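Structure assessment
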Amino acid sequence: MFKKVLIAEDMEDINKGVFSLLTELGVSQIDQVQYCDDAYLKVKRANLDGESFDLVISDLSFKVDHRSQTYTSGHSLVEKLKTEFPELKVIVYSVEDRLQAVRTLFNQHHVDAYVCKSRNGLKNLTVAINEIAEGNTYLSPEVANAFSSENELEIDDYDISLLDHLSKGLSQDEISALYRKENIAPASLSSIEKRLNKLRIQFNANNAIHLVAIVKDLGLI
């Protein structure tokens with residue numbers, strides 16, 4: 001079992017729940033932070049002192065306030081931690097249940113477990129901790145089919161961004177203008193039209209509205 005664990009969570013009641021769970025599991029040292037920057041600095045300091053953390057449990061969403069942050073989300077924190085400390089075990093504990101987000105965290109950032117905050121969240125978190133302590137990975141039931149063959153679609157982050165903007169009511173012209181402003185490529189209207197046509201064919205969608213409905217049902221946005 002893990003001896004030294006860091007909780008990165010800005011909601012105090014959830015922080016307390018995870019702390020109590022770790023205490024019951026016999027974790028001897030538990031640190032808690034409410035900012036991603038603090039989490040990174042604690043992990044780095046502990047590593048320099050030769051007292052590294054065994055495990056980090058992090059949320060994905062952190063409320064923005066007056067304090068300036070280098071790492072403003074759990075996504076950026078996890079990416080940094082896994083890049084700099086690849087042996088560090090990381091569990092994501094979040095309300096986010098989009099399958100594409102889960103796949104990205106595993107495939108690109110190499111997290112060890114993903115647990116959804118739910119009625120059985122702490123119970124599943126216990127299972128996750130035990131599983132990764134044994135060298136396994138873990139997905140909670142809500143996202144357990146993230147890597148099933150029927151969900152292995154040829155879709156990337158650009159497609160997800162495009163579909164997300166479409167679901168929020170932006171027109172193709174507006175998306176094109178936004179991408180030009182944010183230096184996202186391809187940004188031309190013709191490129192966006194071609195990509196959406198490809199996605200409509202891929203998902204057997206009749207139109208843009210149907211396409212958005214399908215990808216929402218699949219948990220991709």
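As the structure is a prediction and not an experimental result, all values here were calculated from the model. (Residues numbered from 1 in each chain as written. Predicted model: local features only at pLDDT ≥ 70, side-chain atom pairs only at ≥ 80, totals over all residues. Heavy atoms only, no water.)

1. Some points on the overall build of the protein chain
Condition: The helix and strand labels rest on DSSP assignments: H or I over at least four residues marks a helix, E over at least two residues marks a strand, and numbering proceeds from the N terminus. Between two residues, a contact is recorded if the distance between any of their heavy atoms is within 4.5 Å. The protein chains shown are the only cover counted for residues, whose accessible areas, like all others here, come from Shrake-Rupley with a 1.4 Å probe. Charge assignment in this entry is limited to Lys and Arg as positive and Asp and Glu as negative, and neither His nor the chain termini are counted. We put the charge of a Lys on NZ, of an Arg on CZ, of an Asp on CG and of a Glu on CD.
In terms of helices and strands, the protein chain carries 9 helices and 6 strands. Structurally, the protein chain occupies a C-alpha span of about 55 × 35 × 30 Å along its principal axes. Of all intrachain contacts in the protein chain linking residues separated by at least 6 positions in sequence, the fraction that spans at least 24 positions is 64%. Per element, the accessible surface of the protein chain, about 11,700 Å² overall, is 48% carbon and sulfur. Distance between charge centroids for the protein chain: 2 Å, based on 24 positive and 34 negative side chains.

2. What about the packing of helix H6 (residues 157-167) against helix H9 (residues 208-217)?
Heads up, the condition is: Interaxial angle, 0 to 180 degrees, is taken between N-to-C directions of lines fitted to C-alpha atoms, where a helix line uses only the stretch in contact. With the far helix as reference, a near helix turned anticlockwise by less than a right angle produces a left-handed crossing, and one turned clockwise produces a right-handed crossing. Each residue is assigned to one class: nonpolar for Ala, Val, Leu, Ile, Met, Phe, Trp, Tyr, Cys and Pro, charged for Asp, Glu, Lys and Arg, and polar for all the others, Gly among them.
Packing of H6 against H9 brings their axes to within 10 Å, and their N-to-C directions diverge by 115°. Between H6 and H9 lies a crossing whose hand is left-handed. Here Leu163, Leu166 and Ser167 of H6 lie close against H9, whose contacting residues are Ala208, Leu211, Val212, Val215 and Lys216. Along the lines of polarity and charge, the residues of the contact of H6 with H9 split into 6 nonpolar, 1 polar and 1 charged.

3. With respect to the pattern of salt bridges
For the record, the criterion: Criterion for a salt bridge: a side-chain nitrogen of Lys or Arg within 4 Å of a carboxyl oxygen of Asp or Glu. Per-residue accessibility, obtained with a 1.4 Å probe over protein chains only, is compared with the maximum for each type, and a residue is labelled buried under 20%, exposed over 50%, and partly exposed between these values.
Per the stated rule, a full pass over the model turns up 13 salt bridges. Lys117 is the partner of Glu9 in a salt bridge, and the nearest nitrogen-oxygen pair spans 2.7 Å. On the criterion of sequence distance, the pair formed by Glu9 in the loop between strand E1 (4-8) and helix H1 (12-24) and Lys117 in the loop between strand E5 (113-116) and helix H5 (121-133) is long-range, its members being 108 residues apart. Look at Lys117 and you get buried, because its relative accessible area is 18%. Lys80 serves as the salt-bridge partner of Glu84, at 3.3 Å between the closest nitrogen and oxygen. Here Lys80 and Glu84 lie together in helix H3 (residues 74-84), a separation of 4 residues that amounts to about one turn. Among the ionic contacts, a cluster of salt bridges with common partners joins Glu9, Asp59 and Lys117.

4. Looking at the sheet that holds strand E2 (residues 29-33)
Basically, it comes down to this: Pairing between strands is defined by DSSP: at least two bridges between them are needed.
With respect to topology, 6 strands assemble into an open sheet ordered E2-E1-E3-E4-E5-E6, the strand pairing being parallel. The sheet is open, and its two borders are formed by E2 and strand E6 (138-139), each paired with just one other strand. Where E5 meets E6, 2 bridges bridge the pair, whose relative direction is parallel. Bridge pairing in E6 links Tyr114 to Leu139. Sitting on the sheet, H5 is in contact with strand E3 (55-58), strand E4 (89-94), E5 and E6, with an inclination near 165° to E4.

5. Remarks on helix H2 (residues 36-48)
Rules: One fewer than the residue count of a helix, multiplied by 1.5 Å, yields its expected span.
Taking 1.5 Å of rise per residue, the 13 residues of H2 would be expected to cover 18 Å, and the 19 Å separating its terminal C-alpha atoms lies within 8% of that figure. What H2 keeps buried is the set Cys36, Asp37, Ala39, Tyr40, Val43 and Ala46. Check the buried side of H2 and you find it contacts E1, E2, E3 and H3. Downstream of H2 by one or two residues, Gly50 has phi in the positive range, about 75°.

6. Some details on the pairing of E3
Two faces make up the sheet, and in a regular strand the side chains alternate between them. Residue alternation in E3 divides its side chains into two sets, Leu55 and Ile57 and Val56 and Ser58, and both sets are buried. Judged from the 4 bridges that link them, E1 and E3 form a sheet pairing that is parallel. Directly across from Val5, in E3, lies its bridge partner Leu55. In this sheet, E4 lies alongside E3 in parallel orientation, the contact comprising 4 bridges.

7. Section: the side chain of His165
Its place among the elements puts His165 in helix H6. With residues near it in sequence (within four places) discarded, His165 still touches Leu170, Ile175, Leu178 and Tyr179.

8. Remarks on the nonpolar core
Just so we agree on the cut-off: In this text, buried Ala, Val, Leu, Ile, Met, Phe, Trp, Tyr and Cys residues form a nonpolar core when linked through side-chain atoms within 4.5 Å.
The biggest cluster of nonpolar side chains holds 29 residues, and the ones touching the most others in it are Val43, Leu81, Leu88 and Tyr114. When contributions to this core are tallied by element, the ones reaching two or more residues are E1, H2, H3, E4, helix H4 (99-107) and E5. When residues in this core are grouped by element, the largest group, 5 residues, is from H2. Among residues more than four places away in sequence, those in contact with Leu81 are Tyr40, Val43, Val56, Pro86 and Leu88.

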